[in-house]
Amino acid sequence: AQKVTQAQTEISVVEKEDVTLDCVYETRDTTYYLFWYKQPPSGELVFLIRRNSFDEQNEISGRYSWNFQKSTSSFNFTITASQVVDSAVYFCALTPWETSGSRLTFGEGTQLTVNP
Amino acid sequence: SQTIHQWPATLVQPVGSPLSLECTVEGTSNPNLYWYRQAAGRGLQLLFYSVGIGQISSEVPQNLSASRPQDRQFILSSKKLLLSDSGFYLCAWSIGTGTLTQYFGPGTRLLVL
């Protein structure tokens, strides 16, 4: 069984603050993939990043960065110098490697509100 | 480039009525297709997925069914809606074998009254 926990239900920050969204996962698979998605008020899920279980390098993309630590089963997401447009629900998700298709297990999401 | 469409965007239906939600993908062949439901409270739940025409896997036994009559078409149906079927339904696609990224459609908001 797989599980993804996003303990922070809601986070509120002021613009330009840095914010970290936590994600902790549980899986018995040795090969798996982790994802982050953004869901703005419009509802559509927007893909942000994918990581496989063998790649523990941190990644930075503009103001976004991700910290994958296999030892603690965590895949945290940091937004630097947050902006109002970052306000959304953010989901962490997990899937094992499979030969066909993929079945994502999502966390419950973190509602991020960035106030001007 | 690939695009994914869902319709209708919004639907209000009475309890006991049938349901048909449609999802189509353009710009790719033989995609893997998925239906998710997002109830109030934000969590997403995988309902069905399909790796090919006529191949449907159900993740959660319930009042819903899915069909894939064409390569890039995925339909979610119900014969009789329940109040608990209300939610936000999202279709997604991925390509190839192995675990690849899923890309989501705009979703359908369903309210059952």
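Model, not experiment: these values are computed from the prediction.

A. Structural view of the interface of chain B and chain A. Opposite the 25 residues of chain B that make contact, chain A presents 29 residues. Approximately 2100 Å² of surface area, both sides summed, lies buried where chain B meets chain A, with 51% of it carried by carbon and sulfur atoms. Our count for the chain B to chain A interface comes out at 1 salt bridge. In this structure, Glu 59 of chain B and Arg 103 of chain A form a salt bridge, with 3.7 Å as the shortest nitrogen-oxygen distance.

B. Examining the confidence of the model for chain B more closely. Residues with a pLDDT of 70 or more make up 95% of chain B, whose mean pLDDT is 91. Here strand β6 (residues 55-58) of chain B is the element of chain B with the lowest mean pLDDT, 90, and strand β2 (residues 10-13) of chain B is the one with the highest, 97.

C. Structural context of the pairing of strand β8 (residues 64-69) of chain A. Residue and element names in this part refer to chain A. Direction of pairing for strand β7 (residues 59-61) relative to β8: antiparallel, over a ladder of 3 bridges. Bridge pairing in β8 links Ser 61 to Tyr 64. With antiparallel pairing between neighbouring strands as the criterion, β7 and β8 make up a hairpin whose turn holds 2 residues, including Gly 62 at a positive phi of roughly 65°. Pairing analysis gives 6 bridges linking β8 to strand β9 (residues 74-79), with the strands arranged antiparallel. Its bridge partner lying in β9, Ser 65 is registered against Thr 78. Here β8 hands over to β9 after 4 residues, with Ser 73 in that stretch at a positive phi of 50°.

D. A look at the pairing of strand β10 (residues 88-96) of chain A. All names here are of chain A. Where burial is concerned, most of β10 is hidden: 9 out of the 9 residues are buried. Here 8 bridges tie strand β5 (residues 32-39) to β10, and the two strands are oriented antiparallel to one another. Directly across from Tyr 37, in β10, lies its bridge partner Phe 91. Where β10 meets strand β12 (residues 110-115), 3 bridges bridge the pair, whose relative direction is antiparallel. From the neighbouring strand, Tyr 90 faces β12, where its bridge partner is Thr 110. In this structure, β10 lies alongside strand β11 (residues 105-106), joined through 2 bridges in antiparallel fashion.

Cut-offs applied
Residues numbered from 1 in each chain as written. Chains lettered and ligands numbered in written order. Predicted model: local features only at pLDDT ≥ 70, side-chain atom pairs only at ≥ 80, totals over all residues. Heavy atoms only, no water. Contact = heavy atoms within 4.5 Å. Buried area = accessible area lost by both parts, 1.4 Å probe. Salt bridge = Lys/Arg side-chain N within 4 Å of Asp/Glu carboxyl O. pLDDT = per-residue confidence, 0-100. Helix = DSSP H or I, 4+ residues; strand = E, 2+ residues; numbered from the N terminus. Pairing = 2+ DSSP bridges. Buried < 20%, exposed > 50% of the residue type's maximum accessible area, 1.4 Å probe, protein only.

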